[in-house]
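Secondary and tertiary structure notes
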There are 2 protein chains.
Amino acid sequence: MGGLAREDYLADIYRLQAEHPEDPVSTGSVAVRRGVTAASATAMFKRLARDELIVYRNYSGVSLTQAGEELALGVVRRHRLVERFLADVLHIPWQQVDAYADQMEHALPDDVVDRMEALLENPYTCPHGYPIPDKHGRLTQPELMLLRDVPPGLAVRVARVNERVEGLLAYVAELGLMPGSLIRVTRRNNVDLNVTVEAGGREHILGLRVSEAIWVERASSPDEA
Amino acid sequence: MGGLAREDYLADIYRLQAEHPEDPVSTGSVAVRRGVTAASATAMFKRLARDELIVYRNYSGVSLTQAGEELALGVVRRHRLVERFLADVLHIPWQQVDAYADQMEHALPDDVVDRMEALLENPYTCPHGYPIPDKHGRLTQPELMLLRDVPPGLAVRVARVNERVEGLLAYVAELGLMPGSLIRVTRRNNVDLNVTVEAGGREHILGLRVSEAIWVERASSPDEA
DNA sequence: TAACGGATTTAGACACAACTAAACTTAGTT
DNA sequence: AACTAAGTTTAGTTGTGTCTAAATCCGTTA
Ligand SMILES: [Mn+2]
Ligand SMILES: [Mn+2]
Ligand SMILES: [Mn+2]
Ligand SMILES: [Mn+2]
């Protein structure tokens, strides 16, 4: 009854779709993300399509049906809430919570998830800044901007850090650029695309690989504490 | 890599062994406990024996090897600790925590379990009174007595309630006989074997089905707060 | 438009974990 | 000692989820 692998496929299809809203989700991209062969992904697509959780046409990738998206959002909700729980209640470093949550997300009864949410006082995002769907799968996406695109002089707040970029989370924590941090972009080099930011009194020069993995929002809300 | 069903079999074999230390654990008893057919249990026994987690001789039941017992104790530890967590931190009624823990026990990284243990301040038992193995699988069994066997007049403390007796947990909670409660046995009827206890100022007459599902300890430790 | 090459699917295999039905063992009873 | 009934194992099937190797498809390039 469980459907462990199923849930991971659905959630990964959801995330891939969210990352590239244009094109359909290809067999290869799912296989790479899941760490399985393309043949395995094809086989799973057939089962998911048979159960009407995805729409699948040979050689044309997949998309989630209504039912599939609902299941995917449930997994994503459990994942991000348990990440918050692990970070905030058990004080586990944010570099580790994604892997742990990947394991736990399939075994959490709804009741437990809902109570965790209440205990955490209904957080909006996971520790990396990704939004947490509510109990009904609803999701509010704030307007974010890539740090790469922030014009010099602007003060912004770090909102989200891509948790999948190798080594980034530890680096970001070290620099004091975690979600919530107030920073100011002081320079942008148009040749090598480096961005210089001032954070907590220190200046850091960030390469493109970092600046396009960090999202920020206008640091304007005065109703913040 | 998971080994979901495996873990449940090992833990159930462990618990059955603990409940009947005399005889070997039979195929049928495991099948009933697990809710599967005897044929399924036999098939699993072969895999577990192949991996040297149990000793299995046809028609003679099974016993855990060293390695098997270590794994089983790990599952039992996770189960009972997460029960404590669900009850104490999330305030889930103790009637429900066993079922939830059964689901969650396979998906909790050791690091998470250890931190939960610290958060809970190293509890000795699950909410039902069963001992929690430590990180190394060590386990201290206090000397307990069945409520059925307590002589009239003796004051005792409820130590453990069998979580598998249908409806018992809700009934026990209603009567105020949860682990930790101080009670006194006032009468024992030698014909119908009913036991009368006084708990929290009220008297209750308990049938055999209840009195042999509750363990107690001498209520003597004055170092109890 | 024909061929190439990368992506995808099919074919065939395997391990796990469950089932039903049939055969077998064992222990207790005539 | 043979019989029988309960318990157990075997045999055969199913569905999931993975793999490798071999076909197949399709967009681009010649
Ligand atoms: Mn997962
Ligand atoms: Mn996250
Ligand atoms: Mn379990
Ligand atoms: Mn318990």
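Residues numbered from 1 in each chain as written. Chains lettered and ligands numbered in written order. Predicted model: local features only at pLDDT ≥ 70, side-chain atom pairs only at ≥ 80, totals over all residues. Heavy atoms only, no water.

Quick word on the coordination of the manganese ion (ligand 4)
Residues and elements named next belong to chain B. Going by this rule: Nitrogen, oxygen and sulfur within 2.8 Å of a metal are treated as its donors, or within 3.2 Å for sodium, potassium and calcium (Na, K, Ca); water is not counted, so a site can appear incomplete. Here a strand is any run of E in DSSP of at least two residues, a helix any run of H or I of at least four, and the numbering for each starts at the N terminus. Only protein chains enter the calculation, and the probe is 1.4 Å; a residue is then buried if its accessible area is under 20% of its type maximum, exposed if over 50%, and partly exposed in between.
Within the first shell, the manganese ion (ligand 4) binds the protein through Glu83 (OE), Cys126 (SG), His128 (ND1) and Glu163 (OE), at distances of 2.0 to 2.5 Å. In primary-sequence terms, the residues that donate to the manganese ion (ligand 4) follow E-x42-C-x1-H-x34-E. With Glu83 in helix α4 (residues 66-88) and Cys126 in the loop between α6 (110-119) and β3 (145-146), this residue pair connects regions lying 43 residues apart in the sequence. Take Glu83 and Cys126: they sit in the same class, and that class is buried.

Topic: the protein's contact with DNA strand C
Rules: The cutoff for a nearby residue is simple: one of its non-hydrogen atoms must lie within 4 Å of the molecule or strand. Within 3.5 Å is the distance limit for a polar contact, defined as a pair of N or O atoms, with the added protein rule that one can donate a hydrogen and the other accept it, and that residues adjacent in sequence qualify only through two side-chain atoms.
Residues in contact with DNA strand C amount to 22 residues; listed here are only the nearest, A:Thr27, A:Thr42, A:Lys46, A:Tyr56 and B:Ser40. Here the atoms of DNA strand C within 4 Å of the protein split so that 80% fall in sugar or phosphate, with bases taking the remainder. Within the contact set of DNA strand C, a sugar or linking oxygen lies 3.4 Å away from a side-chain nitrogen or oxygen of A:Asn58. Within the side chain of B:Tyr59, a nitrogen or oxygen atom sits 3.4 Å from a sugar or linking oxygen of DNA strand C. Taken together, the elements giving at least two residues each to the surface near DNA strand C come down to α2 (27-34) and α3 (38-50) of chain A together with α1 (4-19) and α3 (38-50) of chain B. In terms of residues, the surface near DNA strand C owes the most to one element, α3(B), which gives five residues.

Considerations on the sheet that holds strand β6 (residues 195-199) of chain B
Residues and elements named next belong to chain B. Rules: At least two DSSP bridges between two strands are needed for those strands to be called paired. The contact criterion used throughout is that any non-hydrogen atoms of two residues lie within 4.5 Å. Here an angle of 0 to 180 degrees is reported between the N-to-C directions of two axes, which are lines fitted to C-alpha atoms, with helices fitted over the stretch in contact.
Sheet architecture is open: six strands sit in the order β3-β8-β4-β5-β6-β7, paired in antiparallel fashion. Since the sheet does not close on itself, it has two edges, and those belong to β3 and β7 (202-206), each with one partner. As defined by bridge partners, strand β4 (residues 155-161) adjoins strand β5 (residues 182-188) across three bridges and the pair is classed as antiparallel. Opposite Arg157, over in β5, you have Leu182 as the bridge partner. Across the sheet, helix α7 (residues 168-175) touches β4, β7 and β8 (214-218), and the angle it forms with β7 is around 155°.

Observations regarding the relation of the copies chain A and chain B
Selection criterion: Least squares is used to superpose the copies, and the fit set is the C-alpha atoms of residues whose pLDDT is at least 70 in both copies.
Superposing chain A onto chain B takes a rotation of 180° plus a shift of 0.0 Å along the axis, which leaves an RMSD of 0.1 Å. On the angle and the small slide along the axis, the relation comes out as a two-fold axis. Minimal C-alpha separation from the rotation axis in chain A is found for A:Ala107, amounting to 3.2 Å. Most of the interface of chain A is mirrored in chain B, where 100% of its interface residues again form contacts.

Some thoughts on the nonpolar core
What counts here: Only buried residues count toward a nonpolar core. Its members are Ala, Val, Leu, Ile, Met, Phe, Trp, Tyr and Cys residues joined through side-chain atoms within 4.5 Å.
The biggest cluster of nonpolar side chains holds 36 residues, and the ones touching the most others in it are A:Phe85, A:Leu86, A:Val112, B:Phe85, B:Leu86 and B:Val112. Every element with two or more residues in this core is listed here: α4 (66-88), α5 (94-104) and α6 (110-119) of chain A together with α4, α5 (97-104) and α6 of chain B. Residues contacting B:Leu86, with those up to four places away along its chain left out, are A:Val112, B:His91, B:Ile92, B:Val97, B:Tyr100, B:Ala101 and B:Met104.

Describing the protein's contact with DNA strand D
To keep it simple, the criterion reads: Classification used: nonpolar for Ala, Val, Leu, Ile, Met, Phe, Trp, Tyr, Cys and Pro, charged for Asp, Glu, Lys and Arg, polar for all others including Gly.
Around DNA strand D sit 22 residues, and of these A:Ser40, B:Thr27, B:Lys46, B:Tyr56 and B:Tyr59 come closest. Protein-proximal atoms of DNA strand D, defined as those within 4 Å of the protein, fall in sugar or phosphate at a share of 76%. Within the side chain of B:Thr42, an N or O atom sits 2.9 Å from a phosphate oxygen of DNA strand D. B:Tyr56 places a side-chain nitrogen or oxygen 2.5 Å from a phosphate oxygen of DNA strand D. Listed by contribution, the elements that provide at least two residues to the surface near DNA strand D are α1 (4-19) and α3 of chain A together with α2 (27-34) and α3 of chain B. When residues in the surface near DNA strand D are grouped by element, the largest group, six residues, is from α3(A). Class assignment of the residues belonging to the surface near DNA strand D gives a composition of eleven nonpolar, seven polar and four charged.

Observations regarding the domain arrangement of chain A
By convention, interface size is frequently given as the accessible area that disappears when the constituent parts associate. Operational definition: Each domain's extent was defined by an automatic or database domain assignment.
Domains assigned within chain A are domain 1 (2-64) and domain 2 (145-218). One C-alpha centre belongs to domain 1 of chain A, the other to domain 2 of chain A, and the line joining them spans 32 Å.

Here's the deal with the pattern of salt bridges
Opposite charge on two side chains lets them pair, provided their charged atoms get close. Stated precisely, the cut-off is as follows: Salt bridges are defined as contacts in which a side-chain nitrogen from Lys or Arg sits within 4 Å of a carboxyl oxygen from Asp or Glu.
For the structure shown, the criterion picks out 32 salt bridges over all chains. Between B:Arg15 and B:Asp12 there is a salt bridge, and its shortest N-O distance comes to 3.6 Å. Within this pair, B:Arg15 and its partner B:Asp12 are both found in helix α1, separated by three residues, close to a single helical turn. Residues B:Arg33 and B:Glu19 are paired through a salt bridge, measuring 2.8 Å at the closest nitrogen-oxygen approach. Within this pair, whereas B:Arg33 is found in helix α2, its partner B:Glu19 is found in helix α1, the two being separated by 14 residues in sequence. By sharing partners, the salt bridges in this structure join A:Asp8, A:Asp12, A:Arg15 and A:Arg34 into a single network.

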